[in-house]
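A closer look at the structure
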Amino acid sequence: MQMITIIICIKIKLENLSMKTISNASVGLIFGTDTGNTEEIGDKICAQLAELACPVEMINVSEASVEVLDAFDLLIMGIPTWDFGGIQGDWEDFEDQILSAQLKGKVVALYGLGDQFGYGDYFLDAMGWLHEKVAKTGAKFIGYWPTEGYEFDASLAANEDNTMFCGLAIDEDQQFELTDQRVKQWVKQLVQQFESLEAA
Ligand SMILES: Cc1cc2nc3c(=O)[nH]c(=O)nc-3n(C[C@H](O)[C@H](O)[C@H](O)COP(=O)(O)O)c2cc1C
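Nothing here was measured: the structure is a model prediction, and the numbers come from that model. (Residues numbered from 1 in each chain as written. Predicted model: local features only at pLDDT ≥ 70, side-chain atom pairs only at ≥ 80, totals over all residues.)

1. Quick word on the nonpolar core
In this structure, Ile76, Val108 and Leu130 are the most contacted members of the largest nonpolar core, which totals 56 residues. At the level of elements, strand S1 (27–31), helix H2 (37–50), strand S3 (74–82), strand S5 (107–113), helix H6 (125–135), strand S9 (168–170) and helix H7 (179–199) are the ones that each hand at least two residues to this core. The contact partners of leucine 130, leaving out residues within four places of it in the chain, are Met77, Ile79, Trp91 and Leu110. (Core = buried A, V, L, I, M, F, W, Y, C linked by C-beta atoms within 7 Å. Buried ≥ 20, exposed ≤ 12 C-beta atoms within 10 Å, placed from the backbone. Helix = DSSP H or I, 4+ residues; strand = E, 2+ residues; numbered from the N terminus. Contact = placed C-beta atoms within 7 Å.)

Written out as structure tokens, the structure reads:
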């Protein structure tokens, strides 16, 4: 009886040791940007994760490859929307690589940048585009984000009843003062969701 208990304890310990927590996971952040905002938000996300002893490799999508997508346990992808629902150019050029990547079972989180008052009919559309492409690879998403607190008429990044975005929504044009708190809260959420997925 005692022997069985010892074996069970060792098994549980070994399982816990092999479990991925955010501090022993490899995390990559891939971003595209025209005027630098999406990179700046990437830096803020990395700073928050660094506080949790989680180093992040940041890669501009213009220098990324399919192999890069494959290399991480958690992939964070950042994309701004341009020109009435348009896709940031480097991400658009990367579409074929996304579709050919082996992301089945990988954990992916998105963040998007847009301007809700200037482009309220197309708010964060490119993040919705990216979500659709990555979903085709079989990846698992974390980091969906409530639409409460934003004002917009239409967004391809929102779900059918307009209650959730498919990733963190950042508006540096109209709500820059809310960015730091949003990033902090979202990273906290990411860590919880990533670790509970890994423990499942
Ligand atoms: C000409 C122009 C077009 C834009 N079009 C959109 C748009 O269709 N939808 C949206 O949500 N934001 C739009 N934006 C806002 C940008 O996405 C936002 O400024 C973003 O922070 C830029 O990110 P970047 O600096 O990483 O390129 C537009 C901005 C400009 C100047």
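2. Some remarks on the environment of threonine 147
Relative to the elements of secondary structure, threonine 147 occurs in the loop between strand S7 (145–146) and strand S8 (164–165). Of the residues examined, threonine 147 has 19 C-beta atoms within 10 Å and is grouped as partly exposed. Expressed as a C-alpha distance, the spacing of threonine 147 and alanine 126, which sit 21 residues apart in the sequence, is 16 Å. For threonine 147, the contacting residues outside a window of four places in its chain are Ala158, Asn162, Thr163, Met164 and Phe165.

3. Regarding the site of the ligand
Around the ligand, a shell composed of 22 residues is seen, among which Asn37, Thr38, Pro80, Gly114 and Tyr119 lie nearest. Listing elements by their share of the shell around the ligand, those giving two or more residues are H2 and S3. (Near = placed C-beta within 6 Å.)

4. Structural notes on unusual backbone geometry
Of note, the phi angle at aspartate 83 is positive, near 55°, even though the residue is not glycine. Looking at the element boundaries, aspartate 83 is found in the loop between S3 and strand S4 (86–87). In this structure aspartate 83 comes out as exposed when scored by C-beta crowding, with 11 C-beta atoms within 10 Å. Non-glycine residue phenylalanine 84 carries a positive phi angle of around 60°.

5. A closer look at H7
With 21 residues, H7 ought to run about 30 Å at 1.5 Å a step, and its terminal C-alpha atoms sit 30 Å apart, in line with that. Listed as buried for H7 are Val183, Trp186, Val187, Leu190, Val191 and Phe194. Burial along H7 is one-sided: seen end-on, the buried residues are contained in an arc of 145°. Away from its buried face by more than 90 degrees, H7 exposes Gln181, Lys188, Gln192, Ser196 and Ala199. Residues of H7 that are buried sit in contact with H2, S3, S5, strand S6 (140–142), S7 and S9. (Expected span 1.5 Å × (residues − 1). Arc of directions from axis to C-beta.)

6. A short note on the pairing of S1
Most of S1 sits inside the fold, with 4 of its 5 residues counted as buried. Bridge count for S1 against strand S2 (residues 56–60) is 5 bridges, and the pairing is parallel. Bridged to valine 27 within S2 is valine 56. At this point the chain moves from S1, through H2, to the parallel S2, and the crossover so formed is right-handed. As paired elements, S1 and S3 share 5 bridges and run parallel to each other. (Pairing = 2+ DSSP bridges. Right-handed = clockwise from strand over helix to strand, strands pointing away.)

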